[in-house]
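Residue-level listing of the chains:
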Amino acid sequence: MAKKWLEVSVGGLLVAGVVALLALAIQVSGSHLGGSNSQYQVSALFDNAAGLSPKARVTLSGVTIGEVTSVGIDEQTLMARVDMAIDGQVNYLSLDTSASILTAGLLGEKYIGLSVGAEEDMLVDGDIIEDTQSALVLEELIGQVLLNLGGN
Amino acid sequence: MLVNCLQSLGQWLLRGLGGLGGALIMLLQSVTVVPGPRGWQRLVQQLYVVGVQSLIIIIVSAAFIGMVLGLQGYTLLVDYGSEQAVGQMVALTLVRELAPVVAALLFAGRAGSALTAELGLMKATEQLASLEMFGVDPLHRIVAPRFIAGVIALPILVVIFNLVGIFGGHLVAVDWLGVHSGAYWGNMQAAVSFADDIVNGLIKALVFAVLVTWTALYQGYMCEPTSQGISTATTRTVVYSSLLILGFDFILTALMFGGL
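Keep in mind it's a predicted model, so treat the numbers as computed, not measured.

Looking at this structure, how should I read the environment of Asp87 of chain A?
Residue and element names in this part refer to chain A. For Asp87, the position within the fold is in strand E4 (residues 80-87). Here Asp87 falls in the partly exposed class, since 16 other C-beta atoms lie within 10 Å of it. Separated by 47 residues in the primary sequence, Asp87 and Tyr40 have C-alpha atoms spaced 6.7 Å apart.

Below you can see the structure in the form of structure tokens.
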């Protein structure tokens, strides 16, 4: 009987380890089981993407609908090219959707906010968002304020 | 005078190298054997001793550490109005650093010292010598199942530590201090990556498991067969494994997260 209890408890420990690992994967790191969640790629060109990094959130009306996959320089325009992966279920972003780089809170991380336009046609995989608003750079803002003060 | 100094330095170095070589040979000899059916039973027995019996101390410490992290993180972050980030702070601190290190330190104190004392007493009462007389290799019979059990048990304990700690943080930050539950989990899921953070934490746990179990078994196997010797060996196990854990933690962190 003692031996059976011993073996049962060791088996329980192993099962608890596997279950805890699964719970960590799903609940803590937000991994998805199975490949049912399709995504599509959209890019946007920004004048300035300061502070934006891969894995940053992409939101629509404050709801997260995707994430930034890469941030790089577009070689033709020399602007910042931001690639995003959008949840496949969100297929109602119109062609004239605009993207802006926003900050969560005063010191929070940068994320992308999308707002939908009025076009009938929708964004599909590989499209580029043209209407963009760059990240707020504090130094430039202060510089402008100082310039205006000097003008007065 | 100078010669004496050099001699003692050389003696110390050679003894240290000899010990390291002996430990390496012991490890290689004990793990390069495939356990037979009775070997699996002994492994299960040892998993019970080092794994299941360490569970309570791991769960209790994890809960308290998670709660303290939640509390400290909240009081720090609330000044900047970003107390929503407390979930991400608790999870990253635990998964990357605290869970492997604290669990390994507790494991060294709880299981490592017990292994050393057990082996030391076996040696002092000449049980190891009698096994050899019967033609049974004590490295296979005694050392191997304990080593493998330790290496399996600690990563499992670390995973459980992570989960319990994160729920401990949830208890304080969400249920007590009123951080929004969705923000707690949402920020955590956005910040924690399975491949980078959780897997690296588990690699740390595996390295620490090898270090702790190996140190404990070597100290017990090589201890002086007297009561004084067993006591010294047990102390050494805890001291050496703790120093090894902390030293290797820095190296592993530099390799994994330091961008080297």
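Moving on from the model shown.
Could you clarify how one ought to interpret the nonpolar core in this entry?
Taken as a class, soluble globular proteins show a tendency for nonpolar side chains to be buried jointly. Counting residues in each nonpolar core, the largest one holds 74 residues, and the members touching the most others are Ala103, Ala104, Leu154 and Leu157 of chain B. Put simply, the parts of the chain that give this core at least two residues each are helix H1 (2-28) of chain A together with helix H2 (37-50), helix H3 (55-77), helix H4 (86-124), helix H6 (138-176), helix H7 (181-191) and helix H8 (194-221) of chain B. Per-element accounting of this core gives the leading share, 22 residues, to H6 of chain B. With residues up to four places along the chain from it excluded, the contact list for Ala103 of chain B reads Ile58, Leu154, Leu157, Val158 and Phe161 of chain B. Listed in part, the 21 residues of the second largest apolar core include Ala80, Tyr111, Leu114 and Leu123 of chain A.

Would you mind showing me how to read the interface of chain B and chain A here?
Interfaces are often described in size by the accessible area the parts lose on coming together. If you look at the interface, chain B gives 26 residues, while chain A gives 23 residues. Every element with two or more residues in the side of chain B that touches chain A is listed here: H2, H6, H7 and H8 of chain B.

Sorry, what's going on with H7 of chain B here?
In an α-helix there are 3.6 residues to a turn, and that puts residues three or four apart on one side. Restricting attention to buried positions, one finds in H7 of chain B the residues Tyr184, Asn187 and Met188 of chain B. End-on view of H7 of chain B: buried residues confined to an arc of 100 degrees, all on one side of the axis. Contact partners of the buried residues in H7 of chain B: H1 of chain A together with H4 and H6 of chain B.

Would you mind going over the confidence of the model for chain B with me for this structure?
The predicted coordinates ought not to be read in detail in places where the model reports low pLDDT. All names here are of chain B. For chain B, the mean per-residue pLDDT works out to 90, and 99% of the residues sit at or above 70. Mean pLDDT per element in chain B: H7 is the minimum at 84, and H3 is the maximum at 94. If you check the scores for this complex, the pTM reads 0.77 and the ipTM reads 0.80.

Please clarify how the pairing of strand E3 (residues 63-73) of chain A should be interpreted in this entry.
Every regular strand shows the same layout, with side chains that alternate between the two sheet faces. All names here are of chain A. For strand E2 (residues 57-60) and E3, the ladder comprises four bridges, and the chain directions are antiparallel. Each bridged residue has a counterpart across the sheet, and for Thr59 the counterpart in E3 is Thr64. Taken together, E2 and the strand that follows it, E3, pair antiparallel across an intervening segment of two residues, in which Ser61 is found at a positive phi of about 50 degrees. The turn joining E3 and E4, which pair antiparallel and follow one another in sequence, is formed by six residues; a positive phi near 60 degrees is taken by Leu78.

Parameters and conventions
Residues numbered from 1 in each chain as written. Chains lettered and ligands numbered in written order. Predicted model: local features only at pLDDT ≥ 70, side-chain atom pairs only at ≥ 80, totals over all residues. Helix = DSSP H or I, 4+ residues; strand = E, 2+ residues; numbered from the N terminus. Buried ≥ 20, exposed ≤ 12 C-beta atoms within 10 Å, placed from the backbone. Core = buried A, V, L, I, M, F, W, Y, C linked by C-beta atoms within 7 Å. Contact = placed C-beta atoms within 7 Å. Arc of directions from axis to C-beta. pLDDT = per-residue confidence, 0-100. Pairing = 2+ DSSP bridges.

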